[in-house]
Amino acid sequence: SYARPELASTVSDAVLLFGRDGKLWWTVQPTTVTGLNDAGRSSAGPWRLRSVAFAATPPGRVWVAYSHDEPGRQSFVIEVTADGRQSLKYVQSGFISALAHWPAGSHARLAVGGTDLETGQASLALVASDGTAARWPVSPTCDQCPTLPPAAYYLFPTSEMQHVTERARSQVMRIQSVANQLRVETEDGARPALLAWVDADLRATEVLRPSAYWAQHRRYEARGRIDHTPHECPERRGPTAIRAWRPATGWTHDAVTLLPNLPERRPAETSAGAGLPEPARAPPSFTYYSEQR
């Protein structure tokens with residue numbers, strides 16, 4: 001059911017799975033979430049659907065990410081097996097906005113992208129897809145949350161575009177499994193702001209400011225919001241490290257290679273982009289950015 005356009009819905013979003021014959025197999029529509037007690041607050045909805053991922057290989061599972069209407073609340077991922085059994089897979093203090101199944105190396109993992117509540121940075125958690133449930137942060141944030149940490153957790157740096165657009169937080173928008181690498185796209189006012197790669201050893205290895213970032217940079221430069229050209233931009237020199245947490249080491253920094261991606265200098269570069277429209281918002285679908293390296 002839906003609320004009238006001027007009202008917020010009081011009903012949680014639902015995901016329905018149908019067979020090829022049109023028969024309904026199962027429905028996910030969380031109300032009060034068992035196992036989630038958010039620091040004494042009710043675990044009742046309404047909960048909003050944020051992303052879906054699946055593993056087609058046996059035994060076959062679907063993961064569904066939800067966040068609350070109220071800012072600052074817990075977000076979570078529900079795992080659904082082929083026969084419709086549902087369980088809490090991951091809980092995070094902060095927004096969840098993207099999911100992907102990553103069958104890399106000897107351990108398949110569920111990649112959970114979003115926003116870290118404490119820092120406001122774009123975040124990525126890697127959870128064993130065939131293991132038990134996990135949560136972030138590791139310290140208690142709810143009374144009945146899962147007790148194990150993720151296999152790894154990453155915080156991605158922001159760009160100057162976040163300050164220009166006065167965005168309070170950044171987030172992971174898309175995740176793509178490519179062979180033995182995971183490709184992560186963030187946005188922080190620029191969309192996308194950063195592409196980052198994580199390898200099968202769970203280390204961030206490379207980052208890239210994509211072409212769309214520099215196109216938006218020129219637009220704001222043309223309007224006088226940025227006082228330097230892309231070729232003079234400090235973003236060309238970094239980041240050179242990604243902050244990462246792992247159970248064995250705690251917080252560390254993964255040294256990353258900054259991949260070049262900047263067009264040749266053009267005449268009158270400071271006026272480039274004048275009259276161009278605002279960057280279009282990406283469609284709300286489960287597709288992935290395909291910047292080529």
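What this report covers is the structure whose coordinates are included nearby. Computed from a predicted structure; not experimentally measured. (Residues numbered from 1 in each chain as written. Predicted model: local features only at pLDDT ≥ 70, side-chain atom pairs only at ≥ 80, totals over all residues. Heavy atoms only, no water.)

Focus: the overall build of the protein
The line we're drawing: In this text, helices come from DSSP runs of H or I with a minimum length of four residues, and strands from runs of E with a minimum of two, each type numbered from the N-terminal end. Per-residue accessibility, obtained with a 1.4 Å probe over protein chains only, is compared with the maximum for each type, and a residue is labelled buried under 20%, exposed over 50%, and partly exposed between these values. The criterion used for residue contact is that any of the two residues' heavy atoms lie within 4.5 Å. Using a 1.4 Å probe, accessible areas were evaluated by the Shrake-Rupley method; residue-level cover was limited to the displayed protein chains.
Along the backbone of the protein there are 2 helices and 18 strands. Looking at the protein as a whole, 50% of its 293 residues are labelled buried. Residue pairs at least 24 apart in sequence account for 54% of intrachain contacts in the protein once pairs closer than 6 positions are excluded. For the protein, the exposed area adds up to about 14400 Å²; of that, 53% sits on carbon and sulfur atoms.

Here we look at the pairing of strand 15 (residues 204–208)
Test applied: When DSSP finds at least two bridges between two strands, those strands are taken to pair.
Of all 5 residues in strand 15, 4 are buried; the element is thus mostly enclosed. Across 4 bridges, strand 14 (residues 194–198) lies against strand 15 in antiparallel orientation. Among the inter-strand pairings, Leu-195 is bridged to a residue of strand 15, identified as Leu-208. Adjacent in sequence and paired antiparallel, strand 14 and strand 15 are bridged by 5 residues, among which Leu-202 carries a positive phi angle near 65°. By the bridge criterion, 3 bridges tie strand 15 to strand 18 (residues 257–259) in an arrangement that is parallel. What sits directly across from Leu-208, in strand 18, is Leu-259.

Observations concerning the packing of aromatic side chains
The test is simple: Pairing of aromatic side chains here covers Phe, Tyr and the six-membered ring of Trp, requires ring centres within 6.5 Å, and sorts the geometry by plane angle: under 30 degrees stacked, over 60 edge-to-face, intermediate tilted.
Under the definition given, this model contains 7 aromatic pairs. Taking the centre distance of 5.8 Å and the plane angle of 25° together, the rings of Tyr-66 and Phe-76 count as stacked. Here Phe-76 lies in strand 5 (residues 74–81) and Tyr-66 lies in strand 4 (residues 61–68), a separation of 10 residues in the sequence. Phe-76 gets classed as buried once you look at its relative accessible area, which sits at 0%.

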